[in-house]
2 protein chains.
Amino acid sequence: MAPILHALAQEQERLSQQERRIADFILSSPSEVVHMGIKELAEQCGTSPATVTRFCKAFHLKGYPDLKVKLSAEIAHTEMQERSGMSSYQDIVANNPLSQIVEAMEANHLASIRDTTSLLDMERLAQAIRLLCAADRIDLYGVATSSIVAQDFYQKLIRIGKNCTAFADSHMQITSASTLSGRDVAVAISYSGETLETIDALACAKDSGAATISLTSYSSNTLAAMADIPLFASSLEKGMRRGDMASRIAQLHLVDILFMGMNSEQFGQYVPKLEQSYHNVQNYRKSRGGHFQA
Amino acid sequence: MAPILHALAQEQERLSQQERRIADFILSSPSEVVHMGIKELAEQCGTSPATVTRFCKAFHLKGYPDLKVKLSAEIAHTEMQERSGMSSYQDIVANNPLSQIVEAMEANHLASIRDTTSLLDMERLAQAIRLLCAADRIDLYGVATSSIVAQDFYQKLIRIGKNCTAFADSHMQITSASTLSGRDVAVAISYSGETLETIDALACAKDSGAATISLTSYSSNTLAAMADIPLFASSLEKGMRRGDMASRIAQLHLVDILFMGMNSEQFGQYVPKLEQSYHNVQNYRKSRGGHFQA
DNA sequence: TCAATCATTAAAATTATTTTCATGATCTGC
DNA sequence: GCAGATCATGAAAATAATTTTAATGATTGA
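For the structure given in this document, a descriptive report is provided here. If you're wondering where the values come from, they're calculated on a predicted model, not measured in any experiment.

Next up on the list: the pairing of strand 3 (residues 185-189) of chain B. All names here are of chain B. A large share of strand 3 lies buried, amounting to 5 of its 5 residues. Alternating positions in strand 3 separate into two faces, V185, V187 and I189 on one and A186 and A188 on the other, with burial throughout. The pairing of strand 3 with strand 4 (residues 211-216) spans 5 bridges and is parallel. The partner of V187 across the bridge, within strand 4, is I213. You can see the chain leave strand 3, run along helix 11 (residues 196-207) and come back into strand 4, and the turn it takes is right-handed.

Here it is in structure tokens:
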């Protein structure tokens, strides 16, 4: 699967001291090598460019550039392999190289999307979509990170002409909740499911007779217990006290699913509106000399 | 899963005659290109090496060798995918069953995260992180969907004590931009890279002497051309007119990487602040009877 | 110890890539 | 429809990267 890296590892012992250094370096950080010139690599290994070229030739490569091209392909291969089986969250710790941070971040986000999808209860999801489609008004509650998710959902719903609010201010959320009716839906978003402001708002919405949906992590939590339809976004990322990255991605993923579900359910009704709002924005841009959307 | 090849195909129409020939050739036999020198390729396409290099630069590559390396990786990727039957971007159409929507959404989000990661130029990324860490002040510009991303970044930066603004109002963005200095950084976020308000704000920031970073899709676009450091989030999802779901996920993914990169770079400085802000929020909750964060 | 071989490198030669610059084409505003 | 500007293009110069050469030093086995 990775012929060159494999060969490097296998023949390592048979190599001379300098050559071994080169092999070691390539094996330890192949993805770095791809971005390096032969000079840099030689320097990093404490040897000369000439030795590096000979090294390449010894492995039946055309030369150094050829090594880079082949390595690039092998990295893509192995990463791919690892990824396709990978579903685990990785911790992000201090001062590790950028490439590791990127890798870990990717693993976490991919895992949280996959997990969220696999946790989905299709029946409940369908129910939620039906409720949202039928709602006269939709209220979205969330603070801090979850407020971002609420705002995102808000923007989408506005585009299909839904009567919808997503106040950032938690007092306004409660105020709004108390004006809901039985034909309305309230959606509470909170990773932990224990955010007081959001709980208060949802409780108020319940009192007003609105149907309720919660969007929380997959755990026993107050919001999920309160809601008529609890939905779950998974994120078990490690070291996450330092900001909830993957959880937010997972929640947005769920929001997208809800939104697309609504579009599909009410295709004839919503999609024309979406198209129109898209074209209106586009025309506005054109009239000002630019093009395309945000 | 093959961002460059995809971008080539997508932008084909916008290219000049000579450039189109190059794009055609690369698309028709990418695996040949990997073994060719720039001269050969130019000859094959009936054009000059100069045009080929410029062509590479237009697609945000370092140069011709960079194209070969990236292409090599993409070829390996796609082969791998075909073999393992992995899914890439899928269209979402009307009235298909919910389970299909969920599947397509998942495929799109996963693909856009993977693509974004594979497109990352580590060097530029590192530069961007260094700039952000060193900045006296950070300004974030974005409207509509991109405003959500800006807000998200804003929340993160605030938590580590960065002096930072992210006005939703585009006039305020320009006002803020005009007060920047040479020690500040402006980040412009826009999927298309052609949002007028955002371009104006970034131009203004440039005039003020601030360093500039753009966060756009992988294409030739105004913002990327303007910025000192252009960063790219890929999303080639089909049916994009119906809302930019995956692109936003990809951008948030990049924001997370930038943020974690900053944390790692300045571990001693930022992480204690993060921990503190986390604990302060937690204590506030506890004193009111709840627990955990949003 | 002395050849003989091998690994190694500095520097030269070669090759590849990029930049510059001049040219011609196309587009813009008058 | 015409001057001026802008853009694309390729030839050639400049630069950069890689490879080869040739000389040196180290190691090994008689």
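What follows picks up the thread again.
Okay, empty space enclosed by the protein next. Residues and elements named next belong to chain B. Evaluation of the coordinates by the stated rule reveals 9 cavities of 30 Å³ or more. Of the volumes computed, that of the largest cavity is approximately 120 Å³. Taken together, 14 residues form the lining of the largest cavity, with H60, L119, D121, R124 and F232 sitting closest to its centre. For the lining of the largest cavity, the elements supplying multiple residues, two or more each, are helix 6 (64-84) and strand 5 (229-232). The residue makeup of the lining of the largest cavity, split by class, is 9 nonpolar, 1 polar and 4 charged.

Turning next to helix 8 (residues 122-134) of chain A. Residue and element names in this part refer to chain A. Helix length check: helix 8 (13 residues) gives 18 Å between terminal C-alpha atoms against 18 Å at 1.5 Å per residue, within 8%. Within helix 8 the residues assigned to the buried category are L125, A128, I129, L132 and C133. Looking straight down helix 8, one finds that the buried residues subtend no more than 130° of arc, so they occupy a single side. Opposite the buried face of helix 8, by more than 90 degrees, sit the exposed residues E123 and A134. The N-cap of helix 8, judged by a side-chain oxygen 3.0 Å from the amide nitrogen of E123 a few residues on, is D121.

So, how was this worked out
Numbering of residues begins from 1 in every chain and follows the order in which that chain's sequence is written. To label them, take the chains in the order written and letter them from A, then take the ligands in the order written and number them from 1. The model is predicted, so local features are restricted to residues of pLDDT at least 70 and side-chain atom pairs to those at 80 or more, both for listing and for counting; the totals for chains, interfaces and linings are taken over all residues. Only hydrogens and water are removed before side-chain values are computed, so all heavy atoms of the structure are retained for them. Three labels apply to residues, based on accessible area from a 1.4 Å probe with only protein chains included: buried if under 20% of the type maximum, exposed if over 50%, partly exposed otherwise in between. Only runs of H or I of at least four residues qualify as helices and only runs of E of at least two qualify as strands under DSSP, and these elements are numbered from the N terminus. At least two bridges found by DSSP between two strands are what make those strands a pair. The crossover handedness rule: strands pointing away from the viewer, path from first strand over the helix to second strand clockwise, crossover right-handed. Cavity means a closed set of points on a 1 Å grid over the protein atoms alone, one where a 1.4 Å probe fits but cannot get out, pocket means an open set with protein on both sides within 12 Å along at least 5 of 7 lines, and lining means a residue has an atom within 4 Å of a point. Grid points are joined across faces, edges and corners, and a volume is the space filled by probe spheres set on the points. Each residue receives one of three labels: charged for Asp, Glu, Lys and Arg, nonpolar for Ala, Val, Leu, Ile, Met, Phe, Trp, Tyr, Cys and Pro, and polar for the others, Gly being one of them. Expected span, for any helix, means 1.5 Å times one less than how many residues it has. It is the directions from the helix axis to the C-beta atoms that the arc portrays. Any pair of nitrogen or oxygen atoms within 3.5 Å is treated as a polar contact; in protein, a donor-acceptor pairing is required on top of that, and neighbouring residues in sequence qualify only through side-chain atoms on both sides.

Treat this as a map of the structure, not an account of what it does.
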